Amino acid sequence: MKEVVLEKSTQTRVLSNGNGHANTEISPEPQPEGTCDFNKRRCVTWMVGGEAGSGINSTGELFARCFTRGGLNVFAYLEYPSLIRGGHNSYHIRVSPAPLYSQIRTIDLLLCLNRETFDLHHDDVTQNGGIIFDPEDLEILEDEVKDGVSWFPVPFGKIVKENEGLDVMRNMVALGASLALLSYPLNYLHDLIKHQFEDKGEKVVDLNIKMAKAGYDYMNEHFDPSKFPHHAKPTEEPARMLLSGNQAFSYGAMAAGCKFFAAYPMTPASSTLSVFAKHDEELGIVVRQTEDELSAVLHTIGASYAGVRAMTATSGGGFALMNEALSMAGIAEVPLVLLEVQRPGPGTGMPTWTSQGDLQYVLNAGHDEFPKLIMAPGDVKEAYQMIQHAFNYAERYHIPVILVSDKYLSESLYSVDDFGEKTEIDRGPIAAETGKIDEDFPRYQVTDSGISPRTLPGMKTGRYVSNSYEHNEVGDLEETPEMRTAQHAKRLRKIEELKTELPPVNVYGPDEAVLSVVAWGSTKAPVLEAMRRLAKQGITVNLIHPTYLYPFPAEEVKSFLKKAKKTLLIEGNHNAQLGQLIRQETLLEIDEKFLQWDGRPFYPGEIVEKIKSLL
Amino acid sequence: MAIELKSLESNTFPSWCPGCGDYGIWMAIKQAMTQMDVPQENYVVVSGIGCGSKMPHWIKTFGFHTLHGRPAPLASGVKLANHDLNVIIVGGDGDGYGIGLGHFTHLMRRNHNLLYIVENNQVYGLTTGQTSPTSDEGYCSHSTPHGTLEVPVNPIKIAVSAGATFVARGFSGDIQHLTSLIKQGVEHKGTAILDVLQPCVTFNKKNTYQWYQERVRKLEEDKSHDITSKVEAFKAAEEWEDRINVGLYYQEDRPTYEDQLPQLQKGPLVDQGVVDVGPVLNRLR
């Protein structure tokens, strides 16, 4: 096993906002409560809320994109219930010239498209923040609004009517009004509308632009945005990409040459299917929506066996259906890449909310023992990069690789300036065509590394049976104790080999810290956000964030934990599942735990409070 | 160049019971392969789990012995990845009509260019003789000692209504006829379903060679049978107790799935290079 010196990794892996490493500076905390001076690299937060089905998602995304186009950083967090009409949706969007890691609780400008938005969120509006609403839609009494909060009644419906627009364009008026109040130029929205509606013709484009402008003008005519303390300004920096975790996984897979994607829709993994389908012809990808998740994973295994890079994606329930085939991929030694986007269970659970409750399940998924690699990226940049490595590992070791995400990572929008260097594609060992077709090929040859080259069907030589049964070296059924012992050990040896080449564990923050946080997956984001708030208050905290969870980097984690003054485990489940894994692998117990299983992501403010309470 | 029978023979001999209907199917598959102009390495035999699903081990070409009930989706993945391959799915009635019925049905909607042979012995052989989805009503076994109350699955009717473009039935006791059906099935452009009546000499004491021999009639000898008519296929599939029809029930000319995918028109997916994702990413800006 390669000796990995932790101190070294501490120096090279520090706060990075996914923009590469070696940045020892902790970015300034961008959001003190109350005052929000954009010129001092701080942030503005906006939230739109309304009835499910009233276009909250597209409104939020358009708003967010106005800022990434203006060279700003964005983090956008969406909440919605599992139904198509009714219920409440909200999009919380945070904008800053400084790097952003996660959402925060507070809202500088709240756009209420219904009364529920006001009821649910007005307490989160910052002291000198504002509320925009249509007075014809909902009644908000002056004494309901917190002291210091300004309210901006804008009659979206009436403005639409006066400008001969369609009722569905109300949100466009609201967007225009929001941008005006933040003193942000309208041209980005203008361009985005053009792009988004160009298929629908010039008339639709023009009408939408007219609505946005009408909202913008109304705000400027009836109120004085210069007096509103929250504003945003484009930077000189180039436009940033804005994408969700699911998009990052999908595009990362495409960059790795994944040409086959099969899935059955399941929230919150479903958008991967539509991202792949959107680009199928352009990038030469075959996308199959299957009859169920069993079929999805089996299609994927079939395509991979035939020599095409393939993947599937699902959530916990669908993953449960895939377990038998996962185990088969283990024994048949077929490369498999699988994305599991967690949501709260058990059973159907809470489909549109987030969870880190499947870790132990994924670790133990599939009957009997077989080698697998489990990765858990913490943000979109890691998602994009790690899935490319996932394909390389799957094909070099002929194993299933499972990437674990969750609703929070997969459906939040992150701004990214670029994804860095391209990962080389490594298709793993494929035997040369020598010999004759009627000669058996030792596909399952027992080797020291456990890895044995494969052939692909259609090759002129290398005939074998890929087998779900225990088998001998050519894939024929064999159940002798000697062969069983040899083949089982051969497969599991691959993990030992794999361990030697996994990258070092990511450690963020200073070497010396009063408290060390242990977290995995998407929880990295609010922890980093909390860390920089604490740093500003002179409290030094660091974070160990293992992204390769199996095989587990036991030595590195052990050495980190042993050095730490006080340790705190933060994860989104009840049983402290990463804590269980760490105990199993290192025999160490983490001092304190901050666990949450309510379907919501952690908020930096709560982490700050928790950490302070422990010091 | 045609394949020689000898070239298809494996080093091991099948583990089926003496007299098992699977031998006839095995022979017919190999015979058919020697009669077609397809290179040996282009065949992929994908099977489920069951006695008959051990087939890939005894036909010398590429094979995948998958899970119980799951050969169809895996074979579809193989076909989409490399549509130049000749994919033959082999599995039993429990595999295809029981645990895998959902996959069986959806496979036919898609019309991949492949052949699915179902070795239908109306019993679970490998698990020592339980009732199967095609067991006759009232069939007694140690899982249904009082006789099954369920009506049997009618695979021909399911295949015709689900959209299979080639639906046939063979009998493992007539290897020559079965060979011809396998050949037609491989050569058919689209999903070919071939249900093969296959006696289980160990566990099924009702549907024996003799029982079948007394009932099978070749549809091609019935001049009035119209293979383009779904209604006639249904009618022919209704017959069972006194007369069982073998031969081609139904055939339809419909574009295959692979033919309809623009991505596959420049050749099999497996041969295509990686397309740069950069321009797509730039649109996210």
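Residues numbered from 1 in each chain as written. Chains lettered and ligands numbered in written order. Predicted model: local features only at pLDDT ≥ 70, side-chain atom pairs only at ≥ 80, totals over all residues.

Draft legend 1. Fine view of the overall build of chain A. Of regular secondary structure, chain A possesses 20 helices and 21 strands. Along the first, second and third principal axes, the C-alpha set of chain A runs to 85 × 60 × 45 Å. Taking all 615 residues of chain A together, 56% fall into the buried category. For chain A, contacts bridging at least 24 residues in sequence account for 74% of all contacts bridging at least 6. (Helix = DSSP H or I, 4+ residues; strand = E, 2+ residues; numbered from the N terminus. Buried ≥ 20, exposed ≤ 12 C-beta atoms within 10 Å, placed from the backbone. Contact = placed C-beta atoms within 7 Å.)

Draft legend 2. How the structure looks around the domain arrangement of chain A. Residue and element names in this part refer to chain A. Domain boundaries in chain A define domain 1 (6-22 + 504-614), domain 2 (38-239) and domain 3 (249-416). Centre-to-centre separation of domain 2 and domain 3, based on C-alpha positions: 34 Å. Between domain 2 and domain 3, the residue contacts involve 12 residues of the former and 8 residues of the latter. Secondary structure elements with two or more residues in the side of domain 2 that touches domain 3: α2 (56-69) and β2 (73-79). Here the side of domain 2 that touches domain 3 takes 6 residues from β2, the largest share from any one element. (Domains from an automatic or database assignment.)

Draft legend 3. A look at the environment of G165 of chain A. Looking at the element boundaries, G165 of chain A is found in the loop between α4 (156-162) and α5 (170-181). In this view, G165 of chain A contacts V160, L207, K210 and M211 of chain A; residues no more than four positions away in its chain are not counted.

Draft legend 4. Here's a closer look at the packing of helix α8 (residues 245-255) of chain A against helix α9 (residues 271-278) of chain A. Residues and elements named next belong to chain A. Packing of α8 against α9 leaves a shortest axis separation of 9 Å and a crossing angle of 45°. It follows from the interaxial angle that α8 and α9 lie oblique. Of the two elements, α8 crosses α9, and the hand of that crossing is right-handed. Only S271, T272, V275 and F276 of α9 make contact with α8, whose side of the interface consists of N246, Q247, F249 and S250. Grouping the amino acids of the contact of α8 with α9 by side-chain chemistry returns 3 nonpolar, 5 polar and no charged. (Axes fitted to C-alpha atoms, helices over the stretch in contact; angles between N-to-C directions. Parallel < 35°, antiparallel > 145°, perpendicular 65-115°, else oblique. Left-handed = near helix turned anticlockwise from the far one by under 90°. Nonpolar A, V, L, I, M, F, W, Y, C, P; charged D, E, K, R; others polar.)

Draft legend 5. Up close: the nonpolar core. If you look at the biggest cluster of nonpolar residues, it comprises 253 residues, and the most contacted ones within it are V74, F260 and V401 of chain A together with V78, Y116 and V167 of chain B. The element that contributes the greatest number of residues to this core is helix α14 (residues 380-397) of chain A, accounting for 10 residues. Aside from chain neighbours lying at most four places away, what touches V78 of chain B is G302, A303, Y305, A306 and P457 of chain A together with V44, V46, L85 and V87 of chain B. (Core = buried A, V, L, I, M, F, W, Y, C linked by C-beta atoms within 7 Å.)

Draft legend 6. Spatial organisation of the packing of α2 of chain A against helix α6 (residues 187-197) of chain A. All names here are of chain A. Packing of α2 against α6 leaves a shortest axis separation of 9 Å and a crossing angle of 120°. As α2 runs across α6, the sense of the crossing is right-handed. Here α2 contributes L62, R65, C66 and R69 to the contact with α6, which in turn contributes Y188, L189 and L192. Classifying every residue of the contact of α2 with α6 by side-chain character gives 5 nonpolar, no polar and 2 charged.

Draft legend 7. A look at the sheet that holds strand β4 (residues 107-112) of chain A. Residues and elements named next belong to chain A. With respect to topology, 8 strands assemble into an open sheet ordered β6-β5-β4-β1-β3-β2-β14-β7, the strand pairing being mixed. With one partner strand each, in any of the chains shown, β6 (150-153) and β7 (241-244) form the two edges of the open sheet. Across the sheet, the mean angle separating the axes of adjacent strands is 15° when strand polarity is ignored. In this sheet, strand β14 (residues 413-416) lies alongside β7 in antiparallel orientation, the contact comprising 4 bridges. Bridging across to β14, L242 finds its partner in S415. (Pairing = 2+ DSSP bridges.)

Draft legend 8. Structural view of unusual backbone geometry. Of note, the bond from T267 of chain A into P268 of chain A is cis; its omega dihedral lies within 30 degrees of zero at 0°. Topologically, P268 of chain A is positioned in the loop between β8 (260-263) and α9. Cis peptide bonds are those with omega within 30 degrees of zero, and the linkage from Y550 of chain A to P551 of chain A qualifies with 0°. Examined against the element boundaries, P551 of chain A turns out to sit in the loop between β19 (548-550) and α18 (554-563). Not every positive phi belongs to a glycine, and N111 of chain B is a case in point at roughly 55°. Among the structural elements, N111 of chain B can be located in the loop between α4 (101-110) and β4 (114-120). Residue N111 of chain B is classed as buried on the basis of its 22 C-beta neighbours within 10 Å.

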